[in-house]
Amino acid sequence: GSSVKPFVWAAAIASGMTPSSIVVDEPFERLDGAGNVWRPKNFDAGYHGPMTIRAALEKSVNIVSIKLAEQVGVPLVRSYLQRCGITTPIDDAVGLTIALGTPEVKVIDQCVAYSTLANNGVRYDPVMVTEIKNRDGITRYDYRNNVHREQAIDPKVAYVINHLLQGVCAPGGGYYPTGHRASALGRPVGGKTGTTNSSRNTWFCGFTADYTCVVWLGYRDNRSLGKGADYTGGRLACPIWTEFMLKAEEGLPIRDFDVPNGIEFFNR
């Protein structure tokens, strides 16, 4: 689903674009290898014209994501997904549909990938066992001595995407981006909704300075959850994520994300 879009944006930022770069959201078509015409559409079936890539991510605009993937190249997008923690194979045949999240991903991989954005580009491989003690209470294994971490992507690129994803969760002035319900946490939060074709899967992948959490909803037989705007990641997954995170963050101090060296802020 569109929850992989931030990694398309990361490839674009790494290639020299900025959140203020303009891309035109307009009808788009390409021929596939068999000569068939591919005409992807946005969720609302409309077009917004010229828009910043910041606004396009906040609105989860498919056409802009596809155009960015075409501009930077599918191999670069795939490398960002894989470096950040997506372990499932991504075949060359996906082509530009990689920008829409057509490759299958695991919930745990999504969580690792989004935590990489929250941690200024450092990927921590997941740990299932945190501690093992023997019958005498002596620790025989402590995960903290075995953590595998890697600077997967440039800290500045990760922070810019982090900042964009905070915009996805920040309503204001009558404007409600797709992840606005996460703002109920009352602390800095970033995230991205995801909705696959026919609402067969919905996602919300989000993070604070303390935790990263991913919520997925779908049926085992891959049937649709329902039709229309009520069956999206923003409407279904995001409220569950928010309710869980309110409990997880209860009593914790409000912390902002660390800003790496080399980041400059400009008023938009």
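Everything discussed here concerns the structure shown above.
Asks: Explain the overall build of the protein here, please?
Replies: If you tally the helices and strands in the protein, you get seven helices and eleven strands. Its C-alpha atoms give the protein a radius of gyration of 19 Å, near enough to 18 Å, the size a compact globule of 268 residues would have. Summarising its shape, the C-alpha atoms of the protein cover approximately 70 × 45 × 40 Å along the three principal directions. Within the span of the protein, comprising 268 residues, buried residues form 46% of the whole. Accessible area of the protein: about 13,900 Å², with a carbon and sulfur share of 50%. Put simply, the protein has 28 plus and 26 minus side-chain charges, and the middle of one group is 3 Å from the middle of the other.

Asks: Hey, could you run me through the sheet that holds strand 11 (residues 212-218) in this one?
Replies: Strand pairing in a sheet relies on backbone hydrogen bonds, with the paired strands running either antiparallel or parallel. Within the open sheet, the three strands sit side by side as 9-10-11. Their pairing is antiparallel. Among the strands making up the open sheet, the edge pair consists of strand 9 (190-195) and strand 11. On average, each strand axis in the sheet is tilted by 5 degrees relative to the strand beside it, whichever way the strands run. Inspection of the sheet shows strand 9 paired to strand 10 (residues 201-207) by six bridges, in the antiparallel sense. Directly across from Thr195, in strand 10, lies its bridge partner Thr202. Contacting strand 9, strand 10 and strand 11, helix 5 (residues 107-118) crosses the sheet at an angle of about 145 degrees to strand 11.

Asks: Any chance you could explain the nonpolar core here in plain terms?
Replies: One broad rule of soluble globular proteins: the nonpolar side chains tend to lie buried together. In this structure, Trp9, Val64, Leu68, Val77, Leu81, Ile161 and Leu165 are the most contacted members of the largest nonpolar core, which totals 54 residues. Per element, the largest residue contribution to this core is eight residues, and it comes from helix 6 (residues 155-168). If we skip the residues at most four places from it in the chain, Val77 touches Val8, Ala11, Ala69, Val72 and Ile98. One finds Cys169, Ala182, Leu185 and Trp241 within the second-largest nonpolar core, a separate group that totals eleven residues.

Asks: Would you explain the pattern of salt bridges in this entry?
Replies: Pairing between side chains of opposite charge can happen when the charged atoms of each approach one another. Applying the stated criterion across every chain, the model contains 13 salt bridges. Among the charged side chains, a salt-bridge network with shared partners connects Arg187, Asp210, Glu249 and Arg255.

Criteria and cut-off values
- Residues numbered from 1 in each chain as written.
- Predicted model: local features only at pLDDT ≥ 70, side-chain atom pairs only at ≥ 80, totals over all residues.
- Heavy atoms only, no water.
- Helix = DSSP H or I, 4+ residues; strand = E, 2+ residues; numbered from the N terminus.
- Rg over C-alpha atoms; globule rule 2.2 N^0.38 Å.
- Buried < 20%, exposed > 50% of the residue type's maximum accessible area, 1.4 Å probe, protein only.
- Areas by Shrake-Rupley, 256 points an atom, 1.4 Å probe, with all protein chains shown as cover.
- Lys, Arg positive; Asp, Glu negative; His and termini not counted.
- Charge placed at Lys NZ, Arg CZ, Asp CG, Glu CD.
- Pairing = 2+ DSSP bridges.
- Axes fitted to C-alpha atoms, helices over the stretch in contact; angles between N-to-C directions.
- Contact = heavy atoms within 4.5 Å.
- Core = buried A, V, L, I, M, F, W, Y, C linked by side-chain atoms within 4.5 Å.
- Salt bridge = Lys/Arg side-chain N within 4 Å of Asp/Glu carboxyl O.

So, to be careful, I would describe these as geometric facts and stop short of saying anything about function.
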